[in-house]
Each structure stands twice: as C-alpha cells, then as structure tokens.
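# An overview of the molecular structure
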Amino acid sequence: MNKLITKEIFKEDPYKKNCISKIINIGNNWVELDETIFYAEGGGQLGDTGIIKTQNKEITIENTIRENNSIKHITSSKIDIGIGSTVDCIIDWERRYKLMKMHTCLHLLCSIIDAKVTGGSVTDDKGRLDFNLDFKPNKEDLKIKLNNLIQGNYEVSYSWISEKELDENPNLVKTMSVAPPRRNGTIRMVRIGDNIDYQPCGGTHVKHTSEIGSVNITKVENKGKLNKRVVVSFL
Ligand SMILES: [Zn+2]
C-alpha cells in the first residue's frame, strides 16, 4: 500500500477536537490536509463531519473519506482558499464521541460471541455486527454480558505488529468483511483489558469502556443460515 499523504492525528489522539492544518490539495468538492483529526470512513465506521475555518471563512465538512493513499474532506462545493493556507479544523465532537463509544462497544460484543464477524456498521445512534453463527444468541443474555463488560471499566490500549506476524496468526483477524488496516508494514492492534478483545483495527475508540454508558440489544435477527445480526443502541 502507498504511504498515506495525510498524517492521521485521530489515531494517536482520538480525543483531539480541533487542530490547525495546512491545505495541500483541493478538488471540486474536497480538500486534502497535511494532517487531520477527521476520521475517514472505513471499517464500518462513518466518516467525521465538522468545519474548517480561515480568518473570514467557515466551510462545512460533510464527510471524510479515504481514497487510495489520500484522505478527502468533503465540502458542498469547490472552496476558494489557496493551497498552502492554514485552517482551523473542528470536528463535530458530539457525533464523533458517540461513534467512538459505539465502535468500542462493538469490540466488546465481538468478545462475547465466539464467531467470526461477517459485516458491521457504526453510526452515532446504533451499531450492528453480523456473525457467522448457526444459532441466534439470547438477547437478554447478550445485554447483561455486554453491560457488565462496559461497567468493568476496562482500558483500551494499542500496540503494533508487523504484517508478517499478522499473516502468521490469521486468528487475530475476527472480521471477515474488513481487511486489517495495513500501513507501512505495520498493523495497529487494539486491546481491551488484558485479554477481553485483541484484534487489528484502525478505528477510533474510547480510553475506558465505562465511557460507553448503558446499552441495549435492540435486535437479534436471522439473516441467513450462517448469518446472525445483532443490533446495539445506547440506552
Ligand atoms: Zn476498533
């Protein structure tokens, strides 16, 4: 994979709500920045929204996407700010924090159900995971286990392994639908507690599971013989 042009600040500090960045490229409805706090849509998690500001202009960022080795901040029209200008970047933190909470919650859900994940999505009000499973897990049971893990206030931590290590340990990959985020030969691993969950992930997470707050299992659905869908929402 090519080296990403934009430095991803959200990977080192997902709690950073604003930063000053430089515009390095402009398209008809997007801008590229030298570094960004906007999470680019991927791995089932929605892209960030927010604003970028110059001294006398404010531009809405409607979405953030990844295209090959570039992160594009989507604007409603072409902006008339020169390349090289610095801008104040501010993400819609309320929305992003909900996305972080729900994303982390899905890691916990993943740890409760012993099956590979075949699909999933995270929005700011709900999350879902599909599991390669031949029976429907019990809704109440899932709810109790999930809320117990949240209240356990486990720490979320990061480490990096080489692509070779990952290739030699294919069981570390729990999600069949999303390729692990490979970058410059290393993979970021996300760990919750000592050994509650450990898997490659490029998304944004809260620091401690209690930040998620209480959740409800709103649905456990049959989506085919080997596909069971679990939907989670905030209580
Ligand atoms: Zn994650």
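Located above this text is the structure these notes cover.
Small disclaimer: the values here were computed from a predicted structure and weren't measured. (Residues numbered from 1 in each chain as written. Predicted model: local features only at pLDDT ≥ 70, side-chain atom pairs only at ≥ 80, totals over all residues. Heavy atoms only, no water.)

This part covers the layout of surface pockets. Summary: where empty space remains is shown by rolling a probe the size of a single water molecule over the atoms. Its volume calculated, the largest pocket comes out at about 590 Å³. Contributing to the lining of the largest pocket are 36 residues, with Gly42, Gly43, Val178, Cys201 and Gly202 lying nearest its centre. Within the residue set of the lining of the largest pocket, elements represented by two or more residues are helix 2 (93-112), strand 10 (117-122), strand 13 (182-183) and strand 15 (197-200). Among the elements that line the lining of the largest pocket, the one with the most residues is strand 10, at 5 residues. When its residues are assigned to classes, the lining of the largest pocket shows 16 nonpolar, 14 polar and 6 charged. Both domain 1 (7-91) and domain 2 (96-234) contribute no fewer than three residues apiece to the lining of the largest pocket. (1 Å grid on protein atoms, 1.4 Å probe; cavity = no way out; pocket = protein on both sides within 12 Å on 5 of 7 lines; lining within 4 Å. Points joined across faces, edges and corners; volume = space filled by probe spheres on them. Helix = DSSP H or I, 4+ residues; strand = E, 2+ residues; numbered from the N terminus. Nonpolar A, V, L, I, M, F, W, Y, C, P; charged D, E, K, R; others polar. Domains from an automatic or database assignment.)

So, on to the pairing of strand 14 (residues 186-192). The element strand 14 is extensively covered by neighbouring structure, given that 5 of its 7 residues are classed as buried. Bridge count for strand 12 (residues 156-162) against strand 14 is 7 bridges, and the pairing is antiparallel. Across the sheet, the residue bridging to serine 162 is threonine 186, located in strand 14. Pairing of strand 13 with strand 14 involves 2 bridges; the strand directions are antiparallel. Paired with arginine 182 across the strands is isoleucine 187, a residue of strand 14. (Buried < 20%, exposed > 50% of the residue type's maximum accessible area, 1.4 Å probe, protein only. Pairing = 2+ DSSP bridges.)

Here the focus is helix 3 (residues 139-151). For helix 3, with 13 residues, the first-to-last C-alpha span of 18 Å sits near the 18 Å given by 1.5 Å per residue. Along helix 3, the residues that are buried comprise Leu142, Leu146, Asn147, Leu149 and Ile150. Axial view of helix 3: buried residues confined to an arc of 155 degrees, hence all on one face. Against the buried residues of helix 3 lie helix 2, strand 16 (215-222) and strand 17 (228-234). Taking the backbone nitrogen of glutamate 140 as reference, a side-chain oxygen 3.1 Å away marks asparagine 138 as the first, capping residue of helix 3. Following helix 3 by one or two positions, asparagine 153 has its phi on the positive side, about 50 degrees. (Expected span 1.5 Å × (residues − 1). Arc of directions from axis to C-beta. Contact = heavy atoms within 4.5 Å. Polar contact = N/O pair within 3.5 Å; in protein donor to acceptor, adjacent residues only side chain to side chain.)

Protein coordination at the zinc ion: the donors are His103 (NE2), His107 (NE2), Cys201 (SG) and His205 (NE2), at 1.9 to 2.2 Å from the metal. Each of the 4 donor atoms around the zinc ion contributes to a set of angles spanning 99 to 122 degrees, which defines the coordination as tetrahedral. Mapping the donors of the zinc ion onto the primary sequence yields the spacing H-x3-H-x93-C-x3-H. Linking histidine 103 in helix 2 with cysteine 201 in the loop between strand 15 and strand 16, this pair joins segments that are 98 residues apart in sequence. (Donors = N, O, S within 2.8 Å, 3.2 Å for Na, K, Ca; no water. Tetrahedral: all angles 85-135°; square planar, octahedral: opposite > 155°, others 65-115°.)

Turning our attention to the sheet that holds strand 16. Spatially, 10-11-17-16 is the arrangement adopted by the 4 strands of the open sheet, whose pairing is antiparallel. This sheet does not close on itself; its edge strands, each paired only once, are strand 10 and strand 16. Taking the axes of each pair of neighbouring strands and ignoring which way they run, one obtains an average angle of 15 degrees across the sheet. Each of strand 16 and strand 17 is contacted by helix 3, which is oriented at about 140 degrees to strand 16, the strand it contacts most. (Axes fitted to C-alpha atoms, helices over the stretch in contact; angles between N-to-C directions.)

Structural measurements only, silent on function.
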